[in-house]
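Now for the letters of each chain:
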Amino acid sequence: MMKYVRPVYYSFPVQLVLLHFKKFQVLLVFWFILFSTLNGGFMRSFGADALFFSPEYLGNVNAISAGIVGVATGVFIMSWNITTFILFSRHFRFLATTSKPFLKYCINNFIIPVFFLIFYFVKALRFDITKELLSGAEIFFLVCGFLIGLILIIMVSLFYFFRADKTIIRQMAPVISDAKLFKSQFHQNEVKINESRLIKVQWYLNSPLLIKKVRDVSHYSREFIENIFNRHHFSAILSIFFAFIFLIIVGFFMDSPFFQIPAASSTLIFFAILISLSGAFSYFLQNWSIPFLFILFFVLNLLYKYDVIDPSNKAYGLNYINRNDRPLYTEEGLLRLCTTENMGKDKLNMITVLNNWKKKQREDKPVFYIINTSGGGNRSATFTMNILQRLDSLGSGQLMNKTFLITGASGGMFGAAYFRELARLKSKVDTSIDLYDRKYVDAISRDLLNPLFSSFVARDLASPAQKFKVGNYEYIKDRGYAFEQKLADNTGGVLDRQMKDLYEDEKNANIPLMLFNSVITRDSRSMIISTQPISFLMRPLHDSSRIPPISPDAIDFGAFFSKQDPMNLRLLTALRMNATFPYVLPNVWLPTTPVIDVMDAGFRDNFGEQTAIRFINVFRDWLRENTSGVVFIQIRDRKTGGWQNPYESNDITELVTKPLLLLQYNWYKMQEYNQDDLLGLLQNDLKVPVYKLAFQYVPKNELEAATLNFHLTRQEKSDIADALSSNANQQNFKVIKNFMNKGLPKN
């Protein structure tokens, strides 16, 4: 048995795998991330696996998009081969005496790349069949496209190195053929070439099907051998430089759809560059690599501290130029915004809006409808659009006319804002718009993740800064910009508005009032964006003569940034600020003193209910006198009651991590418990009926539920649409139909 195992163990391919685990293990991290991504571990909740299994190019998943990913995979594999060839060459000097040493290294370094490709195809086939619901022919073309791209780039790379080999041979041939020149390579004190202490190689693959025994090279000069390898190293480094230039070009021209390559491709090319940089650090700096990284970090931090570099994302439309008039973010500054006088003026303005809404209703005391929609990326956007279409059809096209207020978070607000804008266009510009057309559901459900990842890699990290204008102000294009542009493209430009464009329609109650929330990372206060002044929402109603004064826990965006052109803000930016999930989208930095940044509304009020309850509490007297009751229409991407996804300890490690992750796993459930409590108090205090109808996305199979990200598969889109037919949702549709057509039940 050992006579068969021993030759395999001491073969070059096996020894190379062991060498990778013995030296420069940091390079294996990139393989680990890729394997984990494909296996649904790394960034699964963000949909990272879908970027590899169903890559999009020019809005389509086809052989071309798969071919581009194949090319990028080839670039990554060749970068891995190049970098490890440079780092490990002193451990296998026998290759220097063979023809085409780099080719032979690639052949023998096949185990990890081939295992990755097999793993990739197995996972991709399963995903495309069960998630993307692709036909056999479609999958065949995807596989062919990927393989053609992969083989093409490997052939080009090897052709490049073949030419480099010929150049090296031409340069070294005179030395080898001339005995005197060859002998001159040896110095008097020349150290004999010893075998590597890390690996022992007896056999190697001279070609994929030919095994050869390793020859003794101890009679060669060390300088001679290393000279051959160094010439290969230069060719290798040059090839990676070309990859980096390509990534810069992609980032520079990313506004053109032609250059918006699949995100998986950008990621793989970026990984290829990182592998090369890691190898360069280790090769050139050796023991100084870690100190150099610390110095680099210190220098970058210093440049950031003194505003030499500024990677922060901005709110597109706001004035960041006027530094002298930036508002002070202090308790005193916020209290000045919500004085009794200011709140009184803002309440009167809102009562005017409420009266405008009432004038448009047919009843003397109409039902006051509020729509709350939850966060949840594209699944919530798609579910919200489906629900609103159905509700509007049940209400004879009067849903937007009967609804006064829309609040919520993240993806749900995408769907609600899109439907509202379509309804606005239908009533004012184009009466031919069919609000129930499925193309609008398809539009809001389109991929947003691909441009995010692509822009992050090609633009945020690699390409020089490019700028664009909103009004008179300039901003840097980054993944936030790419996200907004893709959302605008997906929705046909319907959402490409500024807040000032919506002011009159919201003032006159032609469309429902929308409140966009985001959370200030400094202290978790809400930043509420509205076209109307809303200082009365900055803190709860209370009698300060009986209880201590309550500090503001929310901020009126328009009043706070009154000197920064707040109504110049893009609607797309307001939506993005409302949906800034950590790392995926950049936090938005605002022009205050000190500077603050905001992120996803879901961290404070994922269902939009808390803000709506405060609004009702402020105007409860008006509601008692002018309405027959209040109906909350809640559209949510998860079950009610907090029973979904319980946090359980399944292994011993979770006994340690559970106390740390308890808050994270139960955050939305705690919000729901608190909001149910507030709603119960409101119901008892308002003196008019308060109803809540919760439309829930409940998947047919929990294991195949739509993920919380900005990409949906065909199966997930179908599952979301089918969720409207659940018993609970069907019952709520019947109730809301009766409410809209017959009014609330008489007590």
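For the structure itself, look to the data block above.
Residues numbered from 1 in each chain as written. Predicted model: local features only at pLDDT ≥ 70, side-chain atom pairs only at ≥ 80, totals over all residues. Heavy atoms only, no water.

Considering a nonpolar patch on the surface
Thought 1: Together, Ile290, Phe292, Leu293, Phe294, Leu296 and Leu300 line one region of the surface with nonpolar side chains, adding up to about 560 Å² of accessible area.
Thought 2: As for its position among the elements, leucine 296 is in helix α12 (residues 289-305).
Thought 3: Take leucine 296: its relative accessible area is 36%, and that puts it in the partly exposed class. (Patch = residues over 30% accessible without salt bridge, like charges linked within 9 Å, V, L, I, M, F, W, Y side chains within 5 Å. Areas by Shrake-Rupley, 256 points an atom, 1.4 Å probe, with all protein chains shown as cover. Salt bridge = Lys/Arg side-chain N within 4 Å of Asp/Glu carboxyl O. Helix = DSSP H or I, 4+ residues; strand = E, 2+ residues; numbered from the N terminus. Buried < 20%, exposed > 50% of the residue type's maximum accessible area, 1.4 Å probe, protein only.)

Quick notes on the environment of isoleucine 249
Thought 1: The topology assignment puts isoleucine 249 in helix α10 (residues 222-252).
Thought 2: With a relative accessible area of 36%, isoleucine 249 lands in the partly exposed category.

A look at the side chain of asparagine 709
Thought 1: Position of asparagine 709 relative to the elements: it lies in the loop between β14 (690-696) and α28 (714-722).
Thought 2: Since its relative accessible area comes to 5%, asparagine 709 is described here as buried.
Thought 3: Among the polar contacts listed, one links the side chain of asparagine 709 to the side chain of threonine 707, at a separation of 2.5 Å. (Polar contact = N/O pair within 3.5 Å; in protein donor to acceptor, adjacent residues only side chain to side chain.)

A few points about the nonpolar core
Thought 1: One finds Phe414, Met527, Leu590, Ile633 and Ile736 to be the most contacted residues of the largest nonpolar core, which totals 148 residues.
Thought 2: Counting residues per element, this core draws most heavily on helix α5 (residues 63-88), at 12 residues.
Thought 3: When sequence neighbours within four positions are dropped, the list of residues in contact with methionine 527 reads Phe516, Asn517, Ser518, Ile520, Ile555, Phe557, Phe560, Phe561, Leu590, Ile596 and Val598.
Thought 4: Ranked by size, the runner-up nonpolar core spans 31 residues in total, among them Val353, Phe368, Ala509 and Trp622. (Core = buried A, V, L, I, M, F, W, Y, C linked by side-chain atoms within 4.5 Å. Contact = heavy atoms within 4.5 Å.)

Some details on the packing of α5 against helix α6 (residues 101-108)
Thought 1: It is at 10 Å that the axes of α5 and α6 come closest, and there the two elements cross at 110°. By the angle between their directions, the pair α5 and α6 is classed as roughly perpendicular. Crossing angle aside, the handedness with which α5 passes α6 is right-handed. On α6, the residues that touch Met78, Asn81, Ile82, Thr84, Phe85 and Phe88 of α5 are Pro101, Phe102, Tyr105 and Cys106. (Axes fitted to C-alpha atoms, helices over the stretch in contact; angles between N-to-C directions. Parallel < 35°, antiparallel > 145°, perpendicular 65-115°, else oblique. Left-handed = near helix turned anticlockwise from the far one by under 90°.)

Looking at the pairing of strand β1 (residues 203-207)
Thought 1: Here four bridges tie β1 to strand β2 (residues 210-213), and the two strands are oriented antiparallel to one another. Its bridge partner being in β2, tyrosine 204 is matched across the sheet by lysine 212.
Thought 2: From the end of β1 to the start of β2, which pair antiparallel, there are two residues. (Pairing = 2+ DSSP bridges.)

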